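Topology and contacts: notes
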Amino acid sequence: MALIGVFDSGVGGLSILDEALRQLPQHDYIYLADSANAPYGERSSDWIATRSLALCTQLLNEGCDAIVVACNTATAEGIQEIRESLAIPVIGVEPGIKPASMQTQNGIVGVLATEATLKSDKFNALLATLPSNCQFIKQSGAGLVPLIEAGQADSEATLELLAKHLEAIQDAGADTLVLGCTHYPFLRRAIRKLLGESINLIDTSEAVVRQLKRQLELQDKTSRAAQSCTLTFISSKDEQSLLNMAKELMASDMTSHHIQAKSLSSIR
Ligand code: DGL
């Protein structure tokens, strides 16, 4: 059994935690949301890297055996430094442009991600490895994260903004859309309303958790917990509202877990 840290700028990483609880329910988890500073996607590379390293170090100090940087933006800008600084497995999240390039039928793929992710060297290096016969329509989802953070994933305002952001992707006739930010799986219903049921949505959370599982197997940390597991929610803004959002947004049954909420200032 392991203690796993899951970190995001806000509630987006709950989409990864949800999948982790489905595949690996036998572990303790700490979910850390830096909601006081979200969105990260419009901040500078240096700021994102420094802040992400500081928060992952706090998770290490809490005793985590592994950390999932459940944020495409923090992965793009900071994962290298985090891996170099922390002597535990650190798993990141990247937009699923590779699986998208393999699954698209018409070769037209939309990529919805934050401005920082789309501009990052890491994303562009990955893009450069993919076949040139696949056309990627890149679109920043500016403004969507604050709406999701405010619990408005299905509101009219969100639908309107999303419609604007998806216009170029829709006009190009994309048959596949990469959800390149961990907040965006919570927009699934809104996206389907706008683009229809047939668009293939690529969300990498399942693959990310499989990677976490492999890392835990390598550390021999796969056994079942003897008693009920603990799920700790930590927020830099409002831990009670984080907990409420987790209950609302996640499909996992958390009743078998001991749940607690803490403020970021209460940990080292
Ligand atoms: N959830 C994040 C991501 O995957 C960050 C969004 C943001 O804070 O801008 O990119």
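In this report, the structure presented in the accompanying data block is examined. Treat the numbers as computed from the prediction; the structure is a model and nothing was measured.

In this section: helix H1 (residues 14-23). In terms of burial, H1 is a largely internal element, 8 of the 10 residues being buried. Looking at H1, one finds that the buried residues are Leu14, Ser15, Ile16, Leu17, Asp18, Glu19, Ala20 and Leu21. Where the residues of H1 are buried, they touch strand E1 (3-8), strand E2 (28-33), strand E3 (66-69), helix H10 (205-218), strand E9 (230-235) and helix H11 (239-249).

Turning our eyes to something else, we now look at the side chain of Thr75. One can find Thr75 in helix H3 (residues 72-85). Side-chain polar atoms of Thr75 contact the backbone nitrogen of Val93, separated by 3.1 Å. For Thr75, the contacting residues outside a window of four places in its chain are Val69, Gly92, Val93, Glu94 and Lys122.

Attention now goes to the sheet that holds strand E7 (residues 176-180). Spatially, the 4 strands line up as an open sheet ordered E6-E5-E7-E8, and their pairing is parallel. Only two strands of the sheet have a single neighbouring strand rather than two, namely strand E6 (135-140) and strand E8 (200-202). Neighbour-to-neighbour, the strand axes of this sheet turn through a mean angle of 20°, independent of strand direction. Sheet topology places strand E5 (residues 108-113) next to E6; 6 bridges connect them, and they run parallel. Its bridge partner lying in E6, Gly110 is registered against Ile137. Seen against the sheet, helix H9 (residues 188-195) touches E7 and E8 and runs at an angle of roughly 155° to E7.

Further remarks concern the sheet that holds E2. Pairing is parallel in the open sheet, where 6 strands are placed in the order E4-E3-E1-E2-E9-E10. Because the sheet does not close on itself, it has two edges, and the strands there are strand E4 (90-91) and strand E10 (258-263). One ladder, built from 5 bridges, connects E2 with E9; its direction is parallel. By the bridge assignment for E9, Ala33 is matched with Ser235. Against the sheet, H11 contacts E2, E9 and E10, and its axis sits at roughly 125° relative to E9.

Moving on to the pairing of E10. A regular strand carries its side chains on alternate faces of the sheet. Alignment of E9 against E10, held across 6 bridges, turns out to be parallel. Its bridge partner being in E10, Thr232 is matched across the sheet by Gln260. In this region the chain leaves E9, passes through H11 and returns to the parallel neighbour E10; the handedness of that crossover is right-handed.

The next thing to look at is unusual backbone geometry. What is expected of a backbone is that most residues other than glycine have negative phi and most peptide bonds are trans. The amide bond that connects Ala38 to the next residue, Pro39, takes the cis arrangement and shows omega of 0°. One can find Pro39 in the loop between E2 and helix H2 (45-61). One non-glycine residue, Asp220, lies in the positive phi region at around 60°. Within the fold, Asp220 resides in the loop between H10 and E9.

Calculation notes
- Residues numbered from 1 in each chain as written.
- Predicted model: local features only at pLDDT ≥ 70, side-chain atom pairs only at ≥ 80, totals over all residues.
- Heavy atoms only, no water.
- Buried < 20%, exposed > 50% of the residue type's maximum accessible area, 1.4 Å probe, protein only.
- Helix = DSSP H or I, 4+ residues; strand = E, 2+ residues; numbered from the N terminus.
- Contact = heavy atoms within 4.5 Å.
- Polar contact = N/O pair within 3.5 Å; in protein donor to acceptor, adjacent residues only side chain to side chain.
- Pairing = 2+ DSSP bridges.
- Axes fitted to C-alpha atoms, helices over the stretch in contact; angles between N-to-C directions.
- Right-handed = clockwise from strand over helix to strand, strands pointing away.

Read these as layout, nothing more, since geometry by itself doesn't imply function.
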